[in-house]
Amino acid sequence: DMKKRPEKTYSVAVVATMSAGKSTLLNAMIGHRLLPARNEACTASVCRIEDRDELPAFRGRTKVAGKWSRWKTPITSEILQKWNDCSHEEVSIEGNIKTIANTHNGYRVVFIDTPGPNNASCEDHAKITERVINEADFSSIVFVVNASVAGVEDEWRLLSQLQQVYSSPQKKSRIIFAINKIDLLDAEHGESVVDVLKTCEAHLRGIGFRNPVVVPVCSDLGLSIRRICAAKVKYKRGKDKPSPPKGQRKNLYEAVESPRIQARLRRLIETFLAQRTFYRNGIAYSAEGAKALSRIEHTRVKSSERILLGGKFFKESDLRSAEKLSGIPVLEMLLQQDLNAFANKKEGVKG
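Residues numbered from 1 in each chain as written. Predicted model: local features only at pLDDT ≥ 70, side-chain atom pairs only at ≥ 80, totals over all residues. Heavy atoms only, no water.

Here we look at the overall build of the protein
Stage number 1. Across its full length, the protein holds 11 helices and 13 strands.
Stage number 2. Scored against the burial criterion, the 351 residues of the protein give a buried share of 52%.
Stage number 3. Put simply, 76% of the contacts in the protein that link residues at least 6 apart link residues at least 24 apart.
Stage number 4. Accessible area of the protein: about 17,200 Å², with a carbon and sulfur share of 48%. (Helix = DSSP H or I, 4+ residues; strand = E, 2+ residues; numbered from the N terminus. Buried < 20%, exposed > 50% of the residue type's maximum accessible area, 1.4 Å probe, protein only. Contact = heavy atoms within 4.5 Å. Areas by Shrake-Rupley, 256 points an atom, 1.4 Å probe, with all protein chains shown as cover.)

Details of the environment of Ser 173
Stage number 1. Structurally, Ser 173 can be placed in the loop between helix H4 (153-166) and strand S8 (174-180).
Stage number 2. Considered as a pair, Ser 173 and Phe 138 are 35 residues apart in the sequence and their alpha carbons are 5.8 Å apart.

Quick word on the sheet that holds strand S2 (residues 46-51)
Stage number 1. Judged by pairing direction, the sheet is mixed, and its nine strands sit side by side in the order S4-S3-S5-S2-S6-S1-S7-S8-S9 without closing on themselves. Across the chains shown, the open sheet's two edge strands, defined by having one partner strand only, are strand S4 (67-68) and strand S9 (213-216).
Stage number 2. Pairing of S2 with strand S6 (residues 108-113) involves four bridges; the strand directions are antiparallel. By the bridge assignment, Cys 47 is partnered in S6 with Asp 113.
Stage number 3. Strands strand S1 (9-16), S2, S6, strand S7 (140-146) and S8 of the sheet are contacted by helix H1 (residues 22-30), whose axis makes an angle of about 160 degrees with S6. (Pairing = 2+ DSSP bridges. Axes fitted to C-alpha atoms, helices over the stretch in contact; angles between N-to-C directions.)

Section: the packing of helix H7 (residues 259-274) against helix H10 (residues 316-325)
Stage number 1. As a packed pair, H7 and H10 sit with axes 9 Å apart at the nearest point and diverge in direction by 75 degrees. It follows that H7 is roughly perpendicular to H10 by the angle criterion. Contacts from Ile 269, Phe 272 and Leu 273 in H7 reach Asp 318, Leu 319, Ser 321, Ala 322 and Leu 325 in H10.
Stage number 2. Here the residues of the contact of H7 with H10 are counted per class, giving six nonpolar, one polar and one charged. (Parallel < 35°, antiparallel > 145°, perpendicular 65-115°, else oblique. Nonpolar A, V, L, I, M, F, W, Y, C, P; charged D, E, K, R; others polar.)

Section: the packing of aromatic side chains
Two numbers describe a pair of aromatic rings. These are the distance of the centres and the angle of the planes.
Stage number 1. Inspection of every chain in the model, using the stated rule, returns seven aromatic pairs.
Stage number 2. Between Phe 177 and Phe 209 the ring centres are 5.1 Å apart and the planes differ by 75 degrees, which places this aromatic pair in the edge-to-face class. With Phe 177 in strand S8 and Phe 209 in the loop between helix H5 (193-207) and S9, this residue pair connects regions lying 32 residues apart in the sequence. Assigned by exposure class, Phe 177 and Phe 209 land together as buried.
Stage number 3. Centroid distance Tyr 235 to Phe 313: 5.3 Å. Interplanar angle 70 degrees. Geometry classified as edge-to-face. Here Tyr 235, found in the loop between strand S10 (233-234) and strand S11 (252-254), pairs with Phe 313, found in strand S13 (residues 312-315); they are 78 residues apart in sequence, far enough to count as distant. There is no split in this pair, since Tyr 235 and Phe 313 are both buried.
Stage number 4. Pairwise contacts between aromatic rings join Tyr 10, Tyr 107 and Phe 342 into one cluster.
Stage number 5. Arg 61 extends its terminal NZ or CZ atom over the ring of Trp 68, reaching a point 4.5 Å from the ring centre.
Stage number 6. Geometry around Tyr 253 places Lys 232 over its ring, the cationic atom sitting 5.2 Å from the centre. (Phe/Tyr/Trp six-rings, centres within 6.5 Å; stacked < 30°, edge-to-face > 60°. Lys NZ or Arg CZ within 6 Å of the ring centre and 35° of its normal.)

A short note on the sheet that holds S13
Stage number 1. Strand order across the open sheet formed by four strands is S10-S11-S12-S13, with mixed pairing between neighbours. On the outer flanks of this sheet lie S10 and S13, each paired with one strand and no other.
Stage number 2. Pairing geometry for strand S12 (residues 306-309) and S13, over four bridges, is antiparallel. Its bridge partner lying in S13, Arg 306 is registered against Lys 315.
Stage number 3. Most of the contacts of H10 go to S13, to which it runs at about 75 degrees, and overall it touches S12 and S13.

Some points on helix H11 (residues 328-347)
Stage number 1. Between its first and last C-alpha atoms H11 spans 29 Å; for 20 residues at 1.5 Å apiece the expected length is 28 Å, and the two agree.
Stage number 2. Buried residues dominate H11, accounting for 14 of its 20 residues.
Stage number 3. Looking one or two residues beyond H11, the residue adopting positive phi is Gly 348, at roughly 75 degrees. (Expected span 1.5 Å × (residues − 1).)

Some remarks on unusual backbone geometry
Stage number 1. Residue Pro 74 is reached from Thr 73 by a cis peptide bond, and omega for that bond is -10 degrees.
Stage number 2. Along the polypeptide, Pro 74 turns up in the loop between S4 and helix H2 (77-83).
Stage number 3. Phi at Asn 211 is positive, roughly 45 degrees, even though this residue is not glycine.
Stage number 4. Among the structural elements, Asn 211 can be located in the loop between H5 and S9.

As far as function goes, none of this settles anything; it's purely spatial.
So, in structure tokens, the structure goes:
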């Protein structure tokens, strides 16, 4: 029952229309390519992802005809893909989400991944999302918007529904708008992250949202960098590989992704680092975003590691700088602050 929230959990619903990149954004925060993510409808049922620090691997189970299956460990994207149809009422996943820490008094985050409502292949999608929005009492909502096609009719309808439900005094949920796929904006042709945010903000105010918090993100970049850094292997010399930087023989690693993925990711990282101000201004657009970014930038990566990616050695500190520019860490910081405040309020702690 979505109304019943287990003790000491902070529930965050992640809502979007199809192809906004919702699953990739969730995967970025999880740190794994766990949820199926393609440019089509991917989530057929409500999926609950709970942070359980004590678990060594992610596990999952499904509910069919009101009954839960046994836990499957470890859970993989291939297994989840098989479960991704309308016969499963709910999917539950548990594992250690390292990017959002449990509070000192044991409160933890739970993400609720909802199906996109504009999917013709499964008519129940819109009904499931509508039921979740209307019935469940979430602590926070992250609404994902595709920056390249913001303001389409399906999105307008879902946002209007969300505003009507959560404008009532009974609903206390905090709503954050993640403007995804900012890498598709073309700076050379005058497209600006800040301009897109201003347009989205005006659009949201027009629907009825007061003081909307908008955070620009590139989920693909955030997820890819985290995967590269987590799965890197020791560098081995080879005739087709570039030589390491002069004087550096230790702390050399290389990415394990395919050459095609590495080439694409290298271009993306170089673009973000070259246009640092362009993307940083977008993240700092809102007062909350600027404050969260400032806190994140104070934590510098002290590492002498270099990682070979797409034929080029990157400093790990540069990769982490690009990760910050993806906006994902800022979104996580906002959720972390909300989780901490929620826990303090529940426990009667002031400040």
